[in-house]
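# Structure at a glance
What follows is each chain in one-letter form.
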Amino acid sequence: MTRTSLILTDSLFIITVLVIHFENGDFDKNPLFLKFMVVVAFASCIIRHINYYKHTKKIY
């Protein structure tokens, strides 16, 4: 995993969350499954950052 892939995937996550927010107006209007998937995607971002730090001893 490279720094570039972390930046790209984090950017895609943020863009996706913003599109969901602007399309529906609020996260409360989204189905429960979609909320769950956003939480899982966020958790995977955190895990990838932790693994990157363990591997390179550098923060992002």
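The structure under discussion appears in the preceding block.
Residues numbered from 1 in each chain as written. Predicted model: local features only at pLDDT ≥ 70, side-chain atom pairs only at ≥ 80, totals over all residues. Heavy atoms only, no water.

### Comments concerning a nonpolar patch on the surface
Stated formally: Exposure above 30% relative accessible area and the lack of any salt bridge qualify a residue for a patch; like charges then connect within 9 Å, and the nonpolar side chains Val, Leu, Ile, Met, Phe, Trp and Tyr within 5 Å. Using the Shrake-Rupley algorithm and a 1.4 Å probe, accessible areas are obtained, with residue cover drawn only from the displayed protein chains. Basic side-chain nitrogens of Lys or Arg form a salt bridge, by our definition, when they fall within 4 Å of a carboxyl oxygen of Asp or Glu. Every helix listed is a DSSP run of H or I at least four residues long, and every strand listed is a run of E at least two residues long, numbered separately from the N terminus.
A cluster of nonpolar side chains, namely F33, F36, M37 and V40, defines an oily patch on the protein surface of about 410 Å² accessible area. As for its placement among the helices and strands, F36 is situated in helix α2 (residues 32–56).

### Observations regarding α2
Stated precisely, the cut-off is as follows: A helix is expected to reach a length of 1.5 Å times the quantity of its residues less one. Think of it in three bands: with a 1.4 Å probe and only protein chains considered, a residue is buried below 20% of the maximum accessible area for its type, exposed above 50%, and partly exposed in between. A contact between two residues is defined here by any heavy atoms of the two lying within 4.5 Å.
Between its first and last C-alpha atoms α2 spans 36 Å; for 25 residues at 1.5 Å apiece the expected length is 36 Å, and the two agree. Listed as buried for α2 are V38, C45 and Y52. Close packing links the buried residues of α2 with α1 (3–24). Directly after α2, the chain includes K57, whose backbone phi takes a positive value near 60 degrees.

### Some points on the packing of aromatic side chains
What counts, and what does not: Two aromatic rings from Phe, Tyr or Trp, using only the six-membered ring of Trp, form a pair when their centres are within 6.5 Å; if the ring planes differ by under 30 degrees the pair is stacked, by over 60 it is edge-to-face, and anything between is tilted.
Tallied over the entire structure, the rule returns 1 aromatic pair. Relative to F42, the ring of F13 lies with its centre 6.1 Å away and its plane at 35 degrees, an arrangement referred to as tilted. A residue pair is termed long-range when its members are at least 10 positions apart, and F13 in helix α1 and F42 in helix α2 qualify at 29 residues.

Take it as geometry only, folks, not as evidence of what the structure does.
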